[in-house]
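A look at the structure
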Amino acid sequence: MKETATSTSQSAVRDRIIRSKLRPPDVQDRVVARPRLERHLIELIASVPVLAIYATPGSGKSTAAAEALRGDDRLAWLTLDESDVAPGRLLMYLEAALARTVPDADGVATGALTDGLDHVEAAGLLAESVEGRPVVLVLDESEHIADAPRALAVLDALLRYAPASLRVLLIGRRDLPLDGRAGGLAGGLRVVDEGDLAFTPDEAAEALERQPGTPVTAEEAVAATHGWVTGVLFEAWRFEEHVVGTGGEVDPLHGYLSTQILGRLDEPQRELLVLTAPLRRVDPASAARLGVQDAQAVLESLRHHHLPAGWEPEGPTLRCHSRFREYLLELLRRRDDETIRRQRRLHGDLLLEWGQLEEATEEYFAAGAIDAALATADGAIESVVDRLDLDVVDRWLTSVPPDELPRHPGLLTGELMLALGREDYGRGRAAAEALLGGEHNGGLSPRTLSLMAWCLWVAGAPDRSRDVEARMPPGPERRVIRHLLQGNDNEPSVERDTPPEPTGTPLDALLLRTNYIYGRLRAVRDAPLTRWSSAVMVPWRADAARAMGRLDQAYEDVRAALAADVVAARTEGIVLPHVLGDLGRIDDALRALLVARRRLLESGSVVWEIQSLLLEARLRLRFDVDRDHAMAVLAALAARPETAQYTLFAEQVAAWSGLGLLLAGDQDVAARAKLEEAVDSMVAGRRIIELPATAIYLAEACWRLGDGEEADAAADLALDAAQQQGSQHNLLQALSDFPAVLVRRLDAEPTADSAWHALGRVLAARSVEVGLPLDHQVRFHDLGAARVVVDGEVVRPKITKSLEVLAFLAEAPGHRAGRNSLMAAVFDGRSDHSTRTYLRQAIHRLRDLLPADAELVLDADHVEVAGVTIATDSGRLERMLDEAARLGDGERLEALEAGLRLYETGEYLAGRDSLWIDQRRGQLAGRATDARFAAAELRFAHSDLGAAQAHLDAALSADPYRERVWRLAMRVAAAYGDDDRVVAVFRR
């Protein structure tokens, strides 16, 4: 019963504290009425979605807003303080403020965090929850979050998703560096500043009438202070009895507060105000707890003094004006260290009594009361971790003596979460080992155990991770960890083929990892984002897009992840180099990989280190960049004990070693042995992500050793693995390395309609260098009427021939072409004085089209555009068709038809004619016809006969001499059950 009563009392106190943050400041009777300013604010709030009042302290910002909105039932007020820089805490208070006006907002943000969304997503949901309900949200003292990027991100998201019914008013001493692209700010942010808030002479005169003894006139006060409200009211330096510095003050307002407010109080009254400065709300009980003698009587005596403060109706309860409280805190900070520590300790005790464990822990650490802080931190840290306020966790842990940490499982759990969030796996492994060896290891929660297993696995101790899994009780956490560990096994397992359901926790990142190595690329791509999406999940989705052959999408994803404010060692050091390598940018890939390796090593992740070395060896071998170095890297990996602990890495070492031996040309027996080892391991463990390429390499090795049947079996295994993945990207890469494997399989096929023939057609198509969309500065729309867009603006050439020059250079490798070949193309082979002069003029005018950072180089032999990427519609079309060929059937049909829609937007360089333009049109038409036939086959396979027929008609109209198209047309006709139609197609 006593515990229940205590809990109820704590809850009541907490509610009072929260209510004090959600209540507008009290407007005292002696405040000068300012209807001019109030009308102005009301009009602005009605007309713009976001209004900011940024001005100096004491300019009347909060008072003006409170007066303007007094009695408005739309009002949701929140006064921020220093602790609200933690994004989770800020969300909690934003939700509480909005819920006072819109009850449906209650639980939206906090529930979203519990469900696994990140702070930004939760803020967006909170904003959307007030849709249709008129609300004016006021954030007072907003300067407290001006230097807190994560808190600002929460506010940005709230503004971005704010419905039209929500108005936001920001009040602060500093401008907030908000994201101007946020939807709520677009054209809708207005700022009220010093000039708007300044006293007029009439308002100043009324204010000074209430200040007896002031020797200045209203006009003199306004002139001296530029209308600054507090300057007018507190012209302390003009009073004869105050000389600046006599109270130790150099700030005139502080001087006024020292001499005219505190100087007129007796010692007990001054002591109460200073000692209770940490409290926003001072009542007799809390003042007594902070060491004030006879607190109730002293508070009662203060009622008779005019203070910059307000009084609550229930009891003698004081709320100081923020500027006054700021001054009192400064006075407290001037006390000796022992007094400061005592007051913070007493404040912590009071917070603990109120049930505010997190705030109490903060005060205890600040007071140096480590024992008290440790007694509360274990219970407080879970809520802090749940909100992902990792900066708070880090600050606490920094204050804990290392020898104390093993005795506090709550803090060690925080250490694990911090390690995962900051990608510091060495730190996480140390925390996990401490928990395993500590006295609390028998009572650890499934959540803590799962984080321990995760850190140990990534940090190079998979066996220890198994020890942790064995201690875990049945449940979703254990299923996820077991699934991760099974990815390292070759023993048969029914569970391995059925991934666990997502948990809505950080553990879902492990599901992405296992789905990836098992080749379940669609599951990775379609996984819902969680609160850990930016740091952990987005890079895995980029990896999946790359493995599926969607290279443009993968590049966009990885660039977006790196641009975001998240930890991204794996993204920078593994995902980005892999994507660049698949794009053919080998120099950039190796540079990115080697530059980022130091960060990977500092993370303490043995898994990432091995992946980085494997990727380096693979890239060097595939692109023939220092093969000896690649083989030395693989040999060193094979000799490391850590590699042997990870079956999935050991098999990749064997695979790429086999490739290196195969490329040597005289070590085929050794190559076959390595590749068979790798393939057998991949098949046994169902880890098929690298199986298509490895099996193709094995097929080549077997053929060289005269074993044709084994070669065919290995090739078919590669094809089957690619089909299971739903992507041919990995397979096509390997076939481009060893095209003879494809040739031999084509020879063995009885018909020309096999899957191998389809692969052959893909490889025979013209290869196009994949562009990088985020690098584009020049967009050349060359399908239909030619149009050039630079930085979003359409530019027009003074000489139309410049467009043909640009088109030719855009298609040339590296945007560089021989001068003679350019002239021959643009002028149909003519080369005389007039054409050379015309070309120089066209090139000169082309410079006017390009952005300032582009360089147009013209010498005796070559013409080159440097420093900029030229993105063309025709190039994009070819990339789309190339990408379609790498995808599984469902995605391939969608990509093919998207490419065909682009092709149908217009003829290449419509209205222009030359031999090379005709040739280019023929190339594009041939690719479009191939795409139409492929789309028709897929539509026919899905029994969509009408769409299949439409594609066939277009293909035959473009090229009536393709036997395979006619044969498919007859099959479509037969599917309709119309024999006469089949005969008619045959006759055609």
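The rules behind these values
Residues numbered from 1 in each chain as written. Predicted model: local features only at pLDDT ≥ 70, side-chain atom pairs only at ≥ 80, totals over all residues. Heavy atoms only, no water. Helix = DSSP H or I, 4+ residues; strand = E, 2+ residues; numbered from the N terminus. Buried < 20%, exposed > 50% of the residue type's maximum accessible area, 1.4 Å probe, protein only. Contact = heavy atoms within 4.5 Å. Areas by Shrake-Rupley, 256 points an atom, 1.4 Å probe, with all protein chains shown as cover. Pairing = 2+ DSSP bridges. Axes fitted to C-alpha atoms, helices over the stretch in contact; angles between N-to-C directions. pLDDT = per-residue confidence, 0-100. Core = buried A, V, L, I, M, F, W, Y, C linked by side-chain atoms within 4.5 Å. Parallel < 35°, antiparallel > 145°, perpendicular 65-115°, else oblique. Left-handed = near helix turned anticlockwise from the far one by under 90°. Nonpolar A, V, L, I, M, F, W, Y, C, P; charged D, E, K, R; others polar. Expected span 1.5 Å × (residues − 1). Arc of directions from axis to C-beta. Salt bridge = Lys/Arg side-chain N within 4 Å of Asp/Glu carboxyl O. 1 Å grid on protein atoms, 1.4 Å probe; cavity = no way out; pocket = protein on both sides within 12 Å on 5 of 7 lines; lining within 4 Å. Points joined across faces, edges and corners; volume = space filled by probe spheres on them.

To continue, consider the overall build of the protein chain. In terms of regular secondary structure, the protein chain is built from 50 helices and 14 strands. Taking all 988 residues of the protein chain together, 54% fall into the buried category. Relative to all contacts within the protein chain whose residues are 6 or more apart in sequence, the contacts with residues 24 or more apart total 66%. Here the protein chain has roughly 41,600 Å² of accessible surface; of this, 51% comes from carbon and sulfur atoms.

Read across the open sheet, the 3 strands follow the order β11-β13-β12; overall the sheet is antiparallel. In this open sheet, the two strands that pair with only one neighbour each are β11 (816-818) and β12 (855-858). With strand direction ignored, the average angle separating the axes of adjacent strands in the sheet is 10°. Pairing geometry for β12 and strand β13 (residues 862-866), over 4 bridges, is antiparallel. Directly across from L858, in β13, lies its bridge partner V863. With respect to the sheet, helix α43 (residues 819-826) is in contact with β11, β12 and β13, its orientation differing from that of β11 by roughly 85°.

All right, on to the confidence of the model for the protein chain then. In this model, the protein chain carries an average pLDDT of 82, and 86% of its residues clear a pLDDT of 70 or more. Ranking the elements of the protein chain by mean pLDDT puts helix α11 (residues 229-233) last with 53 and helix α33 (residues 627-639) first with 96. Contacts for the low-pLDDT stretch residues 180-186, under 50 throughout, to residues beyond four places or in other chains number 14 contacts.

In this fold, T413 is placed in helix α21 (residues 409-421). Setting aside chain neighbours within four positions, we find T413 in contact with T448 and L451.

The phi dihedral of E141 is positive, around 55°, even though this residue is not glycine. Of note, the phi angle at D624 is positive, near 55°, even though the residue is not glycine. When you line up the elements, D624 lands in the loop between α32 (606-622) and α33.

Core analysis: the largest hydrophobic core is formed by 220 residues, its most contacted members being L272, L273, L328, M452, Y697, V805 and W916. Not counting residues up to four positions away in its chain, the partners in contact with L272 are V282, A287, V292, A295, V298, L299 and L302.

Their axes nearest at 8 Å, the elements helix α30 (residues 569-582) and helix α31 (residues 586-602) cross at an angle of 165°. Here α30 lies roughly antiparallel to α31, going by the angle between them. Here α30 runs over α31; the crossing is left-handed. Together, A569, R570, E572, G573, I574, L576, P577, L580 and G581 of α30 and D588, A589, A592, L593, A596, R599 and L600 of α31 make up the contact between the two elements. Here the contact of α30 with α31 is built from residues that sort into 10 nonpolar, 2 polar and 4 charged.

A word on helix α38 (residues 708-725). The terminal C-alpha atoms of α38, which comprises 18 residues, lie 26 Å apart, in line with the 26 Å expected from a rise of 1.5 Å per residue. All buried positions along α38 are accounted for by A711, A714, A715, A718, L719, A721, A722 and Q725. Buried residues of α38 fall within an arc of 160° about the axis and therefore sit on the same side. For α38, the exposed residues set more than 90 degrees away from the buried face come down to E709 and Q723.

Here we come to the pattern of salt bridges. Tallying each qualifying case throughout the model produces 68 salt bridges. D283 is the salt-bridge partner of R281, the closest N and O atoms lying 3.2 Å from each other. Note on accessibility: R281 and D283 belong to one class, buried. Here R482 and E469 are joined by a salt bridge, their closest N and O atoms 3.0 Å apart. Here R482 is found in helix α25 (residues 476-486), whereas its partner E469 is found in helix α24 (residues 462-471), with 13 residues between them in sequence. On the basis of relative accessibility, which here comes to 28%, the residue R482 falls in the partly exposed class. On the basis of relative accessible area, E469 is assigned to the buried category, the value being 10%.

Right, let's get into helix α45 (residues 873-885). Along its 13 residues, α45 runs 19 Å from first to last C-alpha, staying within 8% of the 18 Å computed at 1.5 Å per residue. Taking burial as the measure, the 13 residues of α45 include 12 buried ones, the bulk of the element. Looking only at α45, the buried set comprises D873, S874, G875, L877, E878, R879, M880, L881, D882, E883, A884 and A885.

Another point: empty space enclosed by the protein. As enumerated under the stated definition, the model contains 5 cavities of 30 Å³ or more in all. Estimates place the volume of the largest cavity at around 360 Å³. What lines the largest cavity is a set of 28 residues, among which Y516, Q611, F649, Q652 and E690 lie closest to the centre. Counting residues per element, the ones that place at least two in the lining of the largest cavity are α26 (508-517), α28 (533-547), α30, α32 and α35 (647-664). Tallied by class, the residues present in the lining of the largest cavity amount to 14 nonpolar, 6 polar and 8 charged.

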